[in-house]
Amino acid sequence: MSGTVLLGPGEVDARDRIVEAVCPRPTLIRDITRLCLEHFLDRVVATAPLPPGPRLYLANHQTGFDLLFLAVTLAGLGHGPARLLVWDKLRLMQYGEMLMPLIERPDADDTGALCGIDLVAFDARLPDRTRTAIAAIAQASETKSIVAAAEGFLQQTEAQPTEHIATALLDLAVATDLPVVPVRIAWGLPEHQTGGRFCWPHRLSPLGVFLGPALRPAELATLPLPERRRRVGAAIDALRPPPPPGHALANAAMLARVEAIVARTGVTQTKAILQDLLLATHPARLTDEGQATRELLRRGQWAPLAHRDDWLARYALTLSDGMITTDLPFDALYPQEQPEPEVR
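Residues numbered from 1 in each chain as written. Predicted model: local features only at pLDDT ≥ 70, side-chain atom pairs only at ≥ 80, totals over all residues. Heavy atoms only, no water.

A. Here's a closer look at the overall build of the protein. Scanning the protein for helices and strands turns up 14 helices and eight strands. The buried share of the protein, taken over its 344 residues, is 55%. Sequence separation of at least 24 residues holds for 78% of the intrachain contacts in the protein that already meet a minimum separation of 6. Accessible surface computed for the protein: about 14,300 Å², of which carbon and sulfur atoms make up 55%. (Helix = DSSP H or I, 4+ residues; strand = E, 2+ residues; numbered from the N terminus. Buried < 20%, exposed > 50% of the residue type's maximum accessible area, 1.4 Å probe, protein only. Contact = heavy atoms within 4.5 Å. Areas by Shrake-Rupley, 256 points an atom, 1.4 Å probe, with all protein chains shown as cover.)

B. View of the pattern of salt bridges. Inspection of every chain in the model, using the stated rule, returns 11 salt bridges. As a salt-bridge pair, Arg 34 and Asp 16 come within 3.6 Å of each other at their nearest N and O atoms. In this pair, Arg 34 is assigned in helix H2 (residues 28-40) and Asp 16 in helix H1 (residues 12-22), connecting sequence segments 18 residues apart. When sorted by exposure, Arg 34 lands in the same class as Asp 16, which is buried. Across the pair Arg 257 and Asp 276 runs a salt bridge whose closest N-O atoms are separated by 2.6 Å. Of this pair, Arg 257 sits in helix H10 (residues 252-265) while Asp 276 sits in helix H11 (residues 269-279); the two residues are 19 residues apart in sequence, bridging distant segments of the chain. Asp 276 gets classed as buried once you look at its relative accessible area, which sits at 0%. Several salt bridges share partner residues, and in doing so they unite Asp 16, Asp 31, Arg 34, Glu 38 and Arg 285 into one network. (Salt bridge = Lys/Arg side-chain N within 4 Å of Asp/Glu carboxyl O.)

C. Structural view of the confidence of the model for the protein. For the protein, the average pLDDT comes to 81, and 75% of its residues sit at 70 or higher. Every residue in residues 109-113 scores below 50 in pLDDT, and together they form five contacts with partners more than four places removed in sequence or on other chains. (pLDDT = per-residue confidence, 0-100.)

This is the structure:
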C-alpha cells in the first residue's frame with residue numbers, strides 16, 4: 001500500500017528515538033516499550049497527509065497492546081501528545097502486566113503517565129461514566145490527539161469487518177471538531193477463527209499500521225448515525241494490504257522460546273514474552289534497571305531478594321510467578337555471551 005512511511009521495518013534507531021522522546025527517563029518501562037516496538041511493530045504508513053492539529057485516531061483492535069504501540073509511536077514521531085481511550089472491560093487484560101513496572105516502582109508518583117500517554121478508561125455501556133470521561137477528554141482536545149479502538153472488543157480474524165463503532169466516539173469528534181483518522185491495524189490475527197482473542201499478535205508476527213485519509217467532522221455531522229458508523233468502519237476496512245513475504249515467520253525464534261517458557265513454568269504468555277524480551281537482548285542495549293532485571297531472571301536469584309525493599313526483584317518474581325525451574329534450558333535459549341546485540 002503506497003503512502004508515507006512514518007516508521008519502517010528494521011529501523012531500530014528510529015524506534016530508539018521514539019521511545020526516548022516519550023520515555024525520557026532510563027527506566028525498565030523504556031526498555032520494555034522499545035523492545036516491543038522492535039519486535040511487534042513492523043511499520044506505520046500514512047496513506048494520505050495527516051491534517052494539522054489534534055486528531056481522533058479510530059482503529060480496529062487486533063491485540064491487547066496494539067493501540068498503546070500506536071499512541072507511543074505517533075507521540076514519539078512528533079504528532080503531538082496523545083490521550084489513549086481504554087475500554088473498561090479490556091483495560092486489565094491489555095495493560096495490567098505491561099504497567100507493572102510503573103505500578104510497582106517506589107517512585108511511581110513521579111513517573112508521570114505511561115510513556116507520556118494519558119490513559120483514560122470509559123465504557124460505552126455506562127452512559128453517565130462515558131459522558132464524564134468524554135467531557136474531560138473534550139477539554140484537552142485542543143492540544144492532544146486521541147487514540148481509541150472503534151469497537152469495544154478485540155477482533156478474532158484478519159478479515160473481520162469493523163462494524164460496531166462506538167457512538168460516543170463519533171459524537172466526540174463532531175462536538176470537538178476533531179478530524180477522524182481511520183487506522184487499520186493489520187497482520188496480527190489468523191485468517192480463520194480459532195475461537196479466541198489475542199493479547200499479542202498471532203504467532204507473534206509484527207503488526208502493520210496504516211493511516212487513511214482523514215474524515216472531516218463537518219461531513220460526519222450531516223450523516224445519520226447508522227451511515228456515520230458505516231462510513232468510518234468502511235474507511236478502516238479499506239486499509240488492508242497483504243503482509244510482506246515471510247512475515248508469519250518473522251519472530252519464529254522468539255515464539256519457540258516463549259512457548260518453552262510457558263510449557264516449563266506455566267506463566268502467562270505475556271509474562272513469558274516480557275521475560276524473553278529482556279533475556280534475549282544484549283545487556284548493553286538495556287538501561288541499568290533492564291540489566292538488573294535481566295540478570296535476576298537469568299540467575300533465578302530473585303527469591304531471596306523479593307522480601308527486601310527491592311521493586312526490581314519483586315517485578316522479576318512477578319514475571320516468573322515464582323515458577324522458574326532448574327530444568328529450563330536458559331543457557332541454551334539465551335547464551336551468556338552474545339557477540340552482537342540482537343535486533344529483529
